[in-house]
Amino acid sequence: MANTSPHLLLLSAALLSGCAGLPDQQLAKEALKRGDRQLAEQHFSQLAELGYVDAQIGLADLQLANGTPEDLDKAEQTYRLALDESPRAQARLGKLLARKANNSVAERREAADLLNASFNAGEPSSLLPLVMLYLQYPQDFPDMNVQQRIATWRQQGYAQADLAQIIFYRTQGTYDEHLDEIEQICQNLISEADSCYVELATVYQKQGQADKQQALVERLMAGYRSGAVPAQRVDDVASVLADAELGQPDAETAQQMLESIAPDYPAAWVSLARLLYDYPALGDIEQMQAYLEQGRAAALPRAELLLGRLYYEGKLLPQDPQQAEEHLRKAAPSEPSANYFLGQIYLRGYLGDIYPQQALDHLLSAARGGQLNADFALAQMFSQGKGIQPDLANAYVFSQLALPKDTPAAIELASEINQRLAPAERLKAERMLREERQLRGNAWQEQQPMQAQLP
């Protein structure tokens, strides 16, 4: 009996019990489709213990989706069980390590090795995360010529390499110099990568090509009605059409698109409210509030964020700091902007007193979530000693991080702090700046607008 296969033991036990307890991968997948994650995890877990690679990956995917730190650790260990036999497990683990909060240099390099190996073994979905890792942490890969690598992949005919080229243009600030090339890439790939709808809409908006934009929107909506294009892409393209910084906005068309998807895609209610916020001629405050109530009913943090902002600003609704704080706190765990407004409420004494530590905590969270305004506010706090001890080294860090705002105020503040910084403090400040930039690497990745949808 000591040498009996665990697979035979499992089968024997199942036969004795009428097969009621036999784990089954197909049943796990069917349970997932029904939304029964508990049953799916039960089947995957039993099969994973017996060494079934697909079950190990399925279990790890469920653990990853849970999102808690404990579950992320479990997912990492479960993916590792399948590494030797599955390029798919290599790809999954590589992506997990690349996105891991506060990942180490060793973890990032392991992620690159795993993504490279899985890509070479036939997992094309590894290419974009690999490129973003190289762009995100160039200090970890000093010998990597990303543009040259992308060019090689493009010559070899990998579709995702074309998408990676667009990401490269975005991150290098050369997007506008390559609009014709981007258009050509996405015209060829739009059937495979629905993110190309967003890129083409951006190109046409920048070039002022209204006829092409209209044809694109018609194709997008037809794809949505047929089920070929997800509602999120409609929302994304509507956002492009409403963005005045990209060119002449078409807010009316954006509104029509959003209204057509909102009943089945609650996030569109919040986008509609934001559209009315930016373009008041499209509707009144009562209509905006109705949209927001739909979003709040769906428990969408963005709805709480916008409602909190309305109470914070006091323009369209009476200013009410207590109401603003209540709604912004609900949005803060997932919306960096909510933390920025909370930080300002505490810093400016809107609740009757100044709360510097709470202001600092929320502004730092917002800044690390990509809010340049929060970096600027932090630089002012540390420079002027607003409720805290002045600290020029920290002021230098946040003033440098606020420079991409490219406003006279940000440039002037950074210059002033740089001049006040003593030579003895400069080395410390530069080290702190490098550490803070490295810490923010994962937020950089989350902010990238291009997400490929290739299999």
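The structure under discussion appears in the preceding block.
Residues numbered from 1 in each chain as written. Predicted model: local features only at pLDDT ≥ 70, side-chain atom pairs only at ≥ 80, totals over all residues. Heavy atoms only, no water.

Trainee: In this structure, what is going on with the overall build of the chain? I would like to understand it.
Mentor: When helices and strands are tallied, the chain shows 26 helices and zero strands. Taking all 455 residues of the chain together, the buried fraction comes to 46%. Of the contacts formed within the chain by residues at least 6 apart in sequence, a portion of 52% connects residues at least 24 apart. For the chain, the computed accessible surface area is about 22,600 Å², with 49% contributed by carbon and sulfur atoms. (Helix = DSSP H or I, 4+ residues; strand = E, 2+ residues; numbered from the N terminus. Buried < 20%, exposed > 50% of the residue type's maximum accessible area, 1.4 Å probe, protein only. Contact = heavy atoms within 4.5 Å. Areas by Shrake-Rupley, 256 points an atom, 1.4 Å probe, with all protein chains shown as cover.)

Trainee: Help me understand helix 24 (residues 408-420), please; the structure alone is not making it clear to me.
Mentor: Because an α-helix completes one turn every 3.6 residues, residues spaced three or four positions apart along the sequence face the same direction. Taking 1.5 Å of rise per residue, 13 residues should cover 18 Å, and helix 24 covers 18 Å from first to last C-alpha, within 8% of that figure. As for helix 24, its buried residues are in contact with helix 22 (372-384) and helix 23 (392-401). (Expected span 1.5 Å × (residues − 1).)

Trainee: Could you clarify how one ought to interpret the packing of helix 22 against helix 23 in this entry?
Mentor: Think of two packed helices as two axes; the pair is described by the angle between the axes and how far apart they sit. Two elements in contact, helix 22 and helix 23, have axes whose closest approach is 8 Å; the angle formed by their N-to-C orientations is 155°. In terms of their interaxial angle, helix 22 and helix 23 are classed as roughly antiparallel. Like other packed secondary-structure pairs, helix 22 and helix 23 cross with a definite hand, here left-handed. Here Leu372, Asp375, Leu378, Ala379, Phe382 and Ser383 of helix 22 lie close against helix 23, whose contacting residues are Asn394, Ala395, Phe398, Ser399 and Leu401. Each residue belonging to the contact of helix 22 with helix 23 can be placed in one class, and the counts come to seven nonpolar, three polar and one charged. (Axes fitted to C-alpha atoms, helices over the stretch in contact; angles between N-to-C directions. Parallel < 35°, antiparallel > 145°, perpendicular 65-115°, else oblique. Left-handed = near helix turned anticlockwise from the far one by under 90°. Nonpolar A, V, L, I, M, F, W, Y, C, P; charged D, E, K, R; others polar.)

Trainee: What's the story with the side chain of glutamine 90 in this structure? I'm lost.
Mentor: Position of glutamine 90 among the secondary structure elements: in helix 6 (residues 87-99). If near-sequence neighbours (up to four positions away) are discounted, glutamine 90 is found in contact with Leu83, Leu114, Ala117 and Ser118.

Trainee: In this structure, what is going on with the environment of glutamine 90? I would like to understand it.
Mentor: Using a relative accessible area of 18% as the deciding quantity, one classes glutamine 90 as buried. A sequence separation of 23 residues divides glutamine 90 from aspartate 113, and the C-alpha atoms of the two residues are 9.1 Å apart.

Trainee: I'm lost on the state of the cysteines in this one. Help?
Mentor: What the rule picks out here adds up to one disulfide. With its sulfur 2.4 Å from that of its partner, cysteine 186 forms a disulfide with cysteine 196. Judged by the sign of its S-S torsion, about -70°, the bond between cysteine 186 and cysteine 196 is left-handed. Of the two residues, cysteine 186 sits in helix 11 (residues 179-189) while cysteine 196 sits in helix 12 (residues 196-207), which places them ten residues apart along the sequence. (Disulfide = S-S within 2.5 Å.)

Trainee: When you look at the pattern of salt bridges in this model, what are you seeing that I'm missing?
Mentor: Opposite charge on two side chains permits them to pair, given that their charged atoms come into close proximity. One pass over the structure, following the stated rule, counts 23 salt bridges. Across the pair arginine 170 and glutamate 199 runs a salt bridge, and its minimum N-O distance is 2.9 Å. With arginine 170 in helix 10 (residues 159-172) and glutamate 199 in helix 12, this residue pair connects regions lying 29 residues apart in the sequence. By relative accessible area, which is 26% here, arginine 170 ends up partly exposed. Here arginine 368 makes a salt bridge to glutamate 436, at a shortest N to O gap of 2.8 Å. (Salt bridge = Lys/Arg side-chain N within 4 Å of Asp/Glu carboxyl O.)

Trainee: Just checking my understanding: could you explain helix 7 (residues 105-120) for this structure?
Mentor: In this model helix 7 runs 23 Å from its N-terminal to its C-terminal C-alpha over 16 residues, within 8% of the 22 Å that 1.5 Å per residue would give. Turning to helix 7, its buried residues are Glu107, Arg108, Ala111, Ala112, Leu114, Leu115, Asn116, Ser118 and Phe119. Here the buried face of helix 7 lies against helix 6, helix 8 (127-136), helix 9 (146-155) and helix 25 (423-439). Backbone geometry just downstream of helix 7 places glycine 122 in the positive-phi region, at approximately 105°.

Trainee: Sorry if this is basic, but what is going on with the packing of aromatic side chains here?
Mentor: Ring pairs (aromatic) are described by centroid distance and by the angle formed between their planes. Evaluated as defined, the whole model comprises nine aromatic pairs. Each ring, one from tyrosine 312 and one from phenylalanine 341, has its centre 5.0 Å from the other, and the planes form 55°; the classification is tilted. Placement of tyrosine 312 in helix 18 (residues 301-313) and of phenylalanine 341 in helix 20 (residues 336-347) is noted, with a sequence separation of 29 residues between them. We classify tyrosine 312 as buried; its relative accessible area is 10%. (Phe/Tyr/Trp six-rings, centres within 6.5 Å; stacked < 30°, edge-to-face > 60°.)

Trainee: Is there a simple way to explain the packing of helix 20 against helix 21 (residues 356-368) in this structure?
Mentor: It is at 7 Å that the axes of helix 20 and helix 21 come closest, and there the two elements cross at 155°. In terms of orientation, helix 20 and helix 21 fall into the roughly antiparallel class. Both helix 20 and helix 21 take part in a crossing whose hand is left-handed. Contact residues: helix 20 offers Pro336, Asn339, Tyr340, Leu342, Gly343, Gln344, Tyr346 and Leu347, while helix 21 offers Gln358, Ala359, His362, Leu363, Ser365 and Ala366. In terms of residue class, the contact of helix 20 with helix 21 is made up of eight nonpolar, six polar and no charged.

Trainee: Any chance you could explain the side chain of glutamine 136 here in plain terms?
Mentor: Among the structural elements, glutamine 136 can be located in helix 8. Classification of glutamine 136 as buried rests on a relative accessible area of 10%.

Trainee: What am I meant to see in the environment of aspartate 84 here?
Mentor: Looking at where aspartate 84 falls in the secondary structure, it is placed in the loop between helix 5 (69-81) and helix 6. Here aspartate 84 falls in the exposed class, since its relative accessible area comes to 80%. Counting along the chain gives 31 residues from aspartate 84 to valine 53, while the straight-line C-alpha distance between them is 9.7 Å.

Trainee: Help me out: how do you make sense of the environment of methionine 432 in this one?
Mentor: Within the secondary structure, methionine 432 sits in helix 25. Assessed through its relative accessible area of 16%, methionine 432 is described here as buried. In this structure, the C-alpha to C-alpha distance between methionine 432 and phenylalanine 398, residues 34 residues apart in sequence, is 10.0 Å. Residue contacts for methionine 432: discarding those within four places in its chain leaves Ala393, Asn394 and Val397.

Shape is all these values report; function is a separate question.
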